[in-house]
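# Descriptive analysis of the structure
The residues making up each chain are set out below.
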Amino acid sequence: MRNHIIQMQRIERNQHCGWNCSEGLQCKPRAYSLLSGFHCRNHAVSSTIFHSVNISTILSCEEGKCSLQLRITASANVSGDMHGVSVCANSAGMIGNCQMYTFGQVGGKNSTGKQVDVGFECIPVRPGQHVFVSLKTLPNYCKAMWSQSYFVPECSHEDIRDEIPECITGKLSYTVDATRKHLIVNVKDAPKETDYNLRLCHRHTVICAGNGTHKTIKPQHLQRSIHLHYSRALPCLCIECLEITIVDLEDLWSDVTYEMNKDQLVWQPRCPVKVTVSLCHTDGKSSCRDLSNVTFSSVDPHPTLCMKFTTEVKTWIKCPFSEGNFSVWTAKMMSQGGQQWAEITTWVKANFSVLICEKKSSTQCKGKEGKDFKSLVLDRMKTAVINLSENACEVCVCIKNQ
């Protein structure tokens with residue numbers, strides 16, 4: 001039998017952590033034998049000999065110093081010539097801790113089915129440790145072995161973060177200098193005689209990744225502030241030390257790109273986020289009307305086409321084409337031998353009109369008398385060349401995408 005457990009409940013403090021067994025039995029600790037763990041008997045016994053197994057973390061404190069201990073208790077239904085139990089706790093980088101107890105005959109000849117309750121000596125563990133626990137019978141019946149993976153609470157658990165020496169990190173406070181893109185960080189109540197290392201990172205689930213520059217605060221300089229530079233104000237931007245402090249900044253909705261060859265709008269978030277994304281049409285004010293039956297894979301680039309990002313907190317509207325971020329057509333003027341022409345290239349299907357005009361302002365162009373509009377339709381990834389009059393360079397040329 002194998003399963004996994006992560007302890008999230010409160011951690012008990014200074015609880016009894018010694019071996020014991022059912023009242024009236026003569027339980028005796030024995031030296032653990034590796035042979036008893038390696039060899040097992042294929043006898044026809046129940047696979048549920050062990051039950052009511054409880055694994056928990058307790059906080060043991062003496063003279064102001066605290067440590068974490070693993071407490072294991074179990075009940076076993078005696079079967080056959082069973083006369084004891086053993087427990088082992090193993091973890092990567094940890095010397096296996098095994099214990100074995102015998103309890104002699106239980107209830108005479110008719111002992112099968114009798115219940116024995118056993119508690120084991122506590123086992124030292126560290127925050128965040130992954131421990132594999134196994135229970136076996138004596139003699140070792142193959143079908144009766146019980147095992148379970150157990151995750152010791154991490155330093156973020158409120159019951160140990162201020163008690164275990166390796167978890168005590170002090171308290172961080174920060175202010176944001178948006179103009180210089182700096183976080184000004186201060187540390188209080190930091191461990192004595194310990195260097196304090198800080199950096200910025202981007203948090204992805206349980207991992208905080210990044211290549212931010214490490215800054216070190218020496219114990220004698222804890223009163224000083226540290227400046228950490230950030231490039232973008234993302235909501236998953238964190239200050240990493242022995243604990244992680246999330247910085248409340250938002251610039252997550254700017255990573256929008258337009259793939260001209262596929263007519264696709266693409267958004268790939270830099271931070272994990274639960275969000276609904278849709279397209280809408282803005283009226284130039286604060287409202288944006290949702291567009292139905294429109295997909296991100298068939299998009300006509302238009303200044304009023306916007307993306308709406310909706311989370312549990314609020315809604316953001318971003319209009320990727322409103323500020324000319326993605327140029328989907330270009331125009332250039334060319335001349336040779338006194339002749340001028342305009343060359344228009346487009347990456348999307350579009351209608352254009354060309355007019356010789358007199359420029360009145362930065363946005364107005366009055367048509368030159370006797371000169372008519374020239375209209376044309378261009379398919380995607382096409383180029384058109386339009387001949388102009390010889391004196392076109394003396395006036396203006398208006399090219400409009402309709």
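Anyway, here's the lowdown on the structure attached to this text. Note that this is a predicted model, so its numbers are computed, not measured. Each chain carries its own residue numbering, running from 1 in the direction its sequence is written. Where local features are concerned, this predicted model is filtered to residues with pLDDT of at least 70; where side-chain atom pairs are given and counted, the filter is 80 or more; whole-chain, interface and lining totals use all residues. Values shown for side chains rest on all heavy atoms present in the structure; no hydrogens or waters enter the calculation.

By definition, any uninterrupted DSSP run of H or I lasting at least four residues is a helix, any uninterrupted run of E lasting at least two residues is a strand, and each is numbered from the N terminus. Tracing the backbone through its elements, the reader meets K218 in the loop between β17 (215-217) and β18 (226-229). With relative accessibility at 36%, the residue K218 sits in the partly exposed group. Taking C-alpha positions, K218 is 8.9 Å from N197, a pair spaced 21 residues apart along the chain. Accessibility here uses a 1.4 Å probe with only protein chains present; expressed as a share of the type maximum, an area under 20% marks a residue as buried, one over 50% as exposed, and anything in between as partly exposed.

Time to look at the pattern of salt bridges. Just to be clear on terms, a salt bridge is a Lys or Arg side-chain nitrogen sitting within 4 Å of an Asp or Glu carboxyl oxygen. Evaluation of the coordinates by the stated rule reveals 5 salt bridges. Across the pair R71 and E12 runs a salt bridge, and its minimum N-O distance is 2.6 Å. Of the two residues, R71 sits in strand β6 (residues 65-77) while E12 sits in strand β2 (residues 12-13), which places them 59 residues apart along the sequence. We classify R71 as buried; its relative accessible area is 17%. Look at E12 and you get partly exposed, because its relative accessible area is 37%. A salt bridge links D177 to R180; its shortest N-O distance comes to 2.9 Å. For D177, a relative accessible area of 19% translates into the label buried. Classification of R180 as partly exposed rests on a relative accessible area of 46%.

Turning to the state of the cysteines, a few remarks are in order. Our working definition of a disulfide is a cysteine sulfur pair at a distance within 2.5 Å. In total, this model carries 6 disulfides according to the counting rule given. Covalent S-S linkage joins C40 and C142, the inter-sulfur distance amounting to 1.9 Å. On the S-S bond that ties C40 to C142, the torsion sits near 95°, and the link is right-handed. With a gap of 102 residues between them, C40 in the loop between α1 (34-38) and β5 (50-62) and C142 in the loop between β11 (130-138) and β12 (146-151) connect regions that are remote in the sequence. A relative accessible area of 40% places C40 in the partly exposed class. Bridging C88 to C98, the disulfide has an S-S length of 2.1 Å. One disulfide, between C88 and C98, carries an S-S torsion of 115° and so falls in the right-handed class. Of the two residues, C88 is situated in strand β7 (residues 84-91) and C98 in strand β8 (residues 94-102); the sequence distance between them amounts to 10 residues. Judged by its relative accessible area of 8%, C88 falls in the buried class.

Once that is clear, we can look at the packing of aromatic side chains. Two rings belonging to Phe, Tyr or Trp (six-membered ring only in the last case) form a pair when the distance between their centres is within 6.5 Å. Interplanar angles under 30 degrees mark stacking, angles over 60 mark edge-to-face geometry, and anything in between is tilted. Tallied over the entire structure, the rule returns 2 aromatic pairs. On the numbers, 5.6 Å between centres and 50° between planes, the contact of Y101 with F120 is tilted. You can see Y101 sitting in strand β8 and its partner F120 sitting in the loop between β9 (115-119) and β10 (123-125), a full 19 residues away along the chain. On the basis of relative accessibility, which here comes to 2%, the residue F120 falls in the buried class.

This part takes up the pairing of β6. Across 11 bridges, β5 lies against β6 in antiparallel orientation. When the bridges of β6 are listed, C61 appears paired with C66. Strand pairing requires that DSSP identify at least two bridges connecting the strands. As consecutive antiparallel partners, β5 and β6 are separated by 2 residues, and within that stretch E63 has a phi angle of approximately 50°, a positive value. The pairing of β6 with β10 spans 3 bridges and is antiparallel. Counted as the bridge partner of Q69 is P124 from β10. Taken together, the 5 bridges between β6 and β9 define a ladder with antiparallel strand orientation. Bridge pairing links A74 to V118 in β9.

This next bit is on unusual backbone geometry. One can expect most non-glycine residues to show negative phi and most peptide bonds to be in trans. That bond from L138 to P139 is cis: its omega, -5°, falls within 30 degrees of zero. In this fold, P139 is placed in the loop between β11 and β12. A positive phi angle, near 55°, is found at S52, a position not held by glycine. Looking at where S52 falls in the secondary structure, it is placed in strand β5. Its identity is not glycine, yet K181 carries a phi of approximately 55°, on the positive side. Mapped onto the elements of the fold, K181 is located in the loop between β13 (171-177) and β14 (182-188). Take K181: its relative accessible area is 36%, and that puts it in the partly exposed class.

Now for the nonpolar core. Counting residues in hydrophobic clusters, the biggest one holds 38 residues, and the most contacted among them are L59, L70, I72, M82, F120 and V133. Counting only elements with at least two residues in this core, the list comes to β5, β6, β7, β9, β10, β11 and β12. The greatest single-element share of this core, amounting to 6 residues, is contributed by β6. For the purposes of this section, nonpolar cores are sets of buried Ala, Val, Leu, Ile, Met, Phe, Trp, Tyr and Cys residues that join through side-chain atoms within 4.5 Å.

Considering the arrangement of structural elements, one finds F151 in strand β12. The exposure class of F151 is partly exposed, given its relative accessible area of 28%. Sequence-wise, F151 and H130 are 21 residues apart; in three dimensions their C-alpha atoms are separated by 4.6 Å.

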